[in-house]
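Structure at a glance
Here is what each chain is made of, one letter per residue.
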2 protein chains.
Amino acid sequence: MARLAIATRNAHKVDEIWAILESLLPHLHRDEVASALDLDAPSPVEDGVTFEANALIKARELAASTGLPALADDSGIAVDVLGGSPGVFSARWAGAHGGDAANLALLLDQLGDVPDEHRGAAFVCAAALVTPDGREFVEVGRMPGRVVRESRGAGGFGYDPIFVPDGYDVTTAELSPEDKNAISHRGAAFRAMAPHVAAVLT
Amino acid sequence: MARLAIATRNAHKVDEIWAILESLLPHLHRDEVASALDLDAPSPVEDGVTFEANALIKARELAASTGLPALADDSGIAVDVLGGSPGVFSARWAGAHGGDAANLALLLDQLGDVPDEHRGAAFVCAAALVTPDGREFVEVGRMPGRVVRESRGAGGFGYDPIFVPDGYDVTTAELSPEDKNAISHRGAAFRAMAPHVAAVLT
């Protein structure tokens, strides 16, 4: 019987979030967590202009349609010299019909002339938890680093191949999933959210 | 005999700047103003990350190579919801090999879902004046408005067809050059610069 809904249609993403929450929520079981796909829930229009707003849109819609506490996140890359863009537009940076490769290639091209000292960026994730009775929580995680000049690594997705976290020499596409979760924006946001999840499930 | 150099290789842009300055600088004659092209001056690498920095790079280079007081500008469109991007990347937003049409189409596509109340933007122009003996002046002009959803008008260039200034119902591509100069970011920056030009030419 589902006790917690997660606003994604991607089974892999449920696994990733579960990997972060599992040790922090000993009283929750994997088969009590259901995705929007499992629950056949509708997808809302994500027209917020901040990560927090989009995460809340998704969590509110899912809580309303399922009657369960709902967890959602929205994330992207924020480049300093672009004033925080691509930001909430990360997944469609090269246009609505582009994809990861096109988005990443466009960002590299836009930053072509930018010297190393101005290539700072951060991956940002906002996680939102909304209960059917209207309680709302938001937590934001950040992973600071910089945008490099060429893609490296086959892991991860999105902008991972062109992002090197502070203190590392490799891109996040060259890290193992475990190593990435330990330092990632998504890991930080969901770890910060775990106590709220535990509280609303009590 | 040239007394003032203007950092552009575009004769039309010299005319546009002259149209703004002419009435403000009665002691300067049109044939005392020379472009970087007229003077066969080299083009510097514009690797600044602000309009002000790029305008100064161009003016310093031209003053050094010609021995004349040099006037330069850098301008672009700053979209609120993109944190001021495209900004200094306006001319290459769709990549180094794109053009006006590609840049504009990409920006419209990126903003596709953004509601009207979040489509605020401004055209921004930084003008810089540098003398061979090292005096430097910077003035910034802004034209606030919003990004509309479809191109309208055949005038202007760049993002003009998708930008409506505050207080107007038409795009800047639908304004006459005179009407556009009267309210434009470039007009404001060069009008503010005129007294400095007059002073260094004395």
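Residues numbered from 1 in each chain as written. Chains lettered and ligands numbered in written order. Predicted model: local features only at pLDDT ≥ 70, side-chain atom pairs only at ≥ 80, totals over all residues. Heavy atoms only, no water.

1. A look at the confidence of the model for chain A
Defined as follows: The predictor's confidence in any single residue is recorded as pLDDT, a number from 0 to 100.
Looking at chain A as a whole, its pLDDT mean stands at 94, while 100% of the residues score no less than 70. Overall fold confidence (pTM) sits at 0.90, and the ipTM for the predicted complex is 0.85.

2. Describing the sheet that holds strand S3 (residues 70-79) of chain B
Residues and elements named next belong to chain B. For clarity, the threshold we go by: In this analysis, strands are considered paired if DSSP registers two or more bridges between them. Only DSSP runs of H or I reaching four residues or more are called helices, and only runs of E reaching two or more are called strands; each is numbered from the N terminus. Geometry is summarised by axes, namely lines fitted to C-alpha atoms with helices restricted to the contacting stretch, and by angles between N-to-C directions that run from 0 to 180 degrees.
Here 6 strands make up an open sheet; going across it, the order is S2-S1-S3-S4-S5-S6 and the pairing mixed. Looking at which strands have only one partner, the edges of the open sheet turn out to be strand S2 (33-35) and strand S6 (163-165). Taking the axes of each pair of neighbouring strands and ignoring which way they run, one obtains an average angle of 35 degrees across the sheet. With 10 bridges connecting them, S3 and strand S4 (residues 120-130) associate as antiparallel partners. Following the sheet pairing, Ala-72 is matched in S4 by Ala-128.

3. A short note on the interface of chain B and chain A
Note the cut-off: Two residues qualify as a contact provided that any one of their heavy atoms is within 4.5 Å of a heavy atom in the partner residue. Throughout, the accessible surface (probe 1.4 Å) given up by two parts as they are put together, summed over both, is called the buried area. When a carboxyl oxygen of Asp or Glu is within 4 Å of a side-chain nitrogen of Lys or Arg, the pair counts as a salt bridge. Ten residues, namely Ala, Val, Leu, Ile, Met, Phe, Trp, Tyr, Cys and Pro, are considered nonpolar, four, namely Asp, Glu, Lys and Arg, are considered charged, and the remaining ones, Gly among them, are considered polar.
Between chain B and chain A, the residue contacts involve 21 residues of the former and 21 residues of the latter. Both faces combined, the contact of chain B with chain A buries some 1,900 Å², and carbon together with sulfur accounts for 57% of it. Along the contact surface separating chain B from chain A lie 0 salt bridges. Of the residues contributing to the side of chain B that touches chain A, the split by class is 11 nonpolar, 6 polar and 4 charged.

4. Side note on the packing of helix H1 (residues 11-21) of chain B against helix H5 (residues 185-201) of chain B
Residue and element names in this part refer to chain B. Stated precisely, the cut-off is as follows: If an angle is under 35 degrees, it is roughly parallel; if it is over 145, roughly antiparallel; if it lies from 65 to 115, roughly perpendicular; otherwise it is oblique. We call a crossing left-handed when the near helix sits turned anticlockwise from the far one by less than a right angle, and right-handed when that turn is clockwise.
Where H1 meets H5, the closest approach of the two axes is 9 Å, and the angle between their N-to-C directions is 55 degrees. Our classification of the angle between H1 and H5 gives oblique. Of the two elements, H1 crosses H5, and the hand of that crossing is right-handed. Here Lys-13, Glu-16, Ile-17, Ile-20 and Leu-21 of H1 lie close against H5, whose contacting residues are Arg-186, Gly-187, Phe-190, Arg-191 and Ala-194. Among the residues forming the contact of H1 with H5, the class breakdown is 5 nonpolar, 1 polar and 4 charged.

5. A word on the side chain of Lys-180 of chain A
Residues and elements named next belong to chain A. As a reminder of what qualifies: Burial status follows relative accessibility: with a 1.4 Å probe on protein chains alone, a residue under 20% of its type maximum counts as buried, one over 50% as exposed, and anything between as partly exposed.
Mapped onto the elements of the fold, Lys-180 is located in helix H4 (residues 177-183). Taking the relative accessible area as the measure of exposure, Lys-180 reaches 10% and is therefore buried. Those residues in contact with Lys-180 that lie beyond four places of it in its chain are Gly-156, Phe-157, Asp-160, Thr-172 and Leu-175.

6. As for the pairing of S3 of chain B
Residue and element names in this part refer to chain B. The buried count for S3 comes to 9 of 10 residues, which makes it a mostly enclosed element. In the sheet, strand S1 (residues 4-6) pairs with S3 via 2 bridges, with the strands oriented parallel. Note that in S3 the partner of Ile-6 across the bridge is Leu-71.

7. Here's the deal with the nonpolar core
Worth spelling out the cut-off: Take the buried Ala, Val, Leu, Ile, Met, Phe, Trp, Tyr and Cys residues and link them wherever side-chain atoms come within 4.5 Å; each set so joined is a nonpolar core.
Of all hydrophobic cores here, the largest spans 62 residues; its most connected members are Val-79, Leu-82, Trp-93 and Leu-111 of chain A together with Val-79 and Leu-111 of chain B. Dropping the residues within four chain positions of it, Val-79 of chain B is found in contact with Gly-84, Ser-85, Pro-86, Leu-107, Leu-111, Gly-120, Ala-121 and Val-147 of chain B.

8. Brief notes about the sheet that holds strand S2 (residues 33-35) of chain A
All names here are of chain A. Reading across from one edge, S2-S1-S3-S4-S5-S6 is the order of the 6 strands in this open sheet, with mixed pairing throughout. In this open sheet, the two strands that pair with only one neighbour each are S2 and strand S6 (163-165). Shown here is a sheet whose adjacent strand axes are inclined to one another by a mean of 35 degrees, direction ignored. By the bridge criterion, 3 bridges tie strand S1 (residues 4-6) to S2 in an arrangement that is parallel. Looking at the pairing, Ile-6 lines up with Ser-35 of S2. Packed onto the sheet, helix H2 (residues 51-66) meets S1, strand S3 (70-79), strand S4 (120-130) and strand S5 (136-147) and runs at close to 160 degrees relative to S3.

9. Remarks on helix H1 (residues 11-21) of chain A
Considered for burial, the residues of H1 of chain A that qualify are Lys-13, Val-14, Glu-16, Ile-17, Trp-18, Ile-20 and Leu-21 of chain A. Along its buried surface, H1 of chain A packs onto S1, S2, S3, H4 and helix H5 (185-201) of chain A.

10. Section: the relation of the copies chain B and chain A
Let me state the cut-off plainly: The least-squares superposition of copies is restricted to C-alpha atoms, and to residues with a pLDDT of at least 70 in both copies.
The two copies are related by a screw operation: chain B maps onto chain A through 180 degrees of rotation and 0.0 Å of translation along the axis, at an RMSD of 0.0 Å. The transformation just described matches what one would write down for a two-fold rotation axis. Scanning chain B for the C-alpha nearest the rotation axis identifies Gly-83 of chain B, at a separation of 2.2 Å. A shared interface surface links the copies, since 100% of the contact residues of chain B are contact residues in chain A too.

11. So, H1 of chain B
If you check which residues of H1 of chain B are buried, you get Val-14, Glu-16, Ile-17, Trp-18, Ile-20 and Leu-21 of chain B. In this structure, the buried residues of H1 of chain B make contact with S1, S2, S3, helix H4 (177-183) and H5 of chain B.

12. Quick look at the environment of Thr-172 of chain B
Residues and elements named next belong to chain B. Note on placement: Thr-172 falls in the loop between S6 and H4. What makes Thr-172 buried here is its relative accessible area of 0%. Sequence separation between Thr-172 and Ile-183 is 11 residues; the distance between their C-alpha atoms is 9.8 Å. Setting aside its immediate chain neighbours within four residues, Thr-172 contacts Phe-123, Met-143, Asp-160, Phe-163, Pro-165 and Lys-180.

13. Notes on the packing of aromatic side chains
Basically, it comes down to this: Aromatic pairing here means that ring centres of Phe, Tyr or Trp (its six-membered ring) are within 6.5 Å. Orientation follows from the plane angle: under 30 degrees is stacked, over 60 is edge-to-face, and everything else is tilted.
Following the criterion strictly, the structure yields 3 aromatic pairs over all chains and no others. For the ring pair Trp-93 of chain A and Trp-93 of chain B, a centre distance of 5.2 Å and an interplane angle of 80 degrees mean the geometry is edge-to-face. Taken together, the residues Trp-93 of chain A in the loop between S3 and helix H3 (100-110) and Trp-93 of chain B in the loop between S3 and helix H3 (100-110) connect one chain to another. Comparing Trp-93 of chain A with Trp-93 of chain B shows no difference in burial state: the two are buried.

14. Re the side chain of Arg-186 of chain A
All names here are of chain A. Here is the rule we go by: N or O atoms closer than or at 3.5 Å make up a polar contact, with two conditions inside protein: a donor-capable atom paired with an acceptor-capable one, and, for residues adjacent in sequence, both atoms drawn from side chains.
Within the fold, Arg-186 resides in helix H5. For Arg-186, a relative accessible area of 5% translates into the label buried. Looking at Arg-186, its side chain comes within polar contact range of the side chain of Asp-73, at 3.2 Å. Sequence-distant contacts of Arg-186, defined by excluding residues within four places in its chain, comprise Lys-13, Glu-16, Ile-20, Asp-73, Ser-75, Cys-125 and Phe-157.

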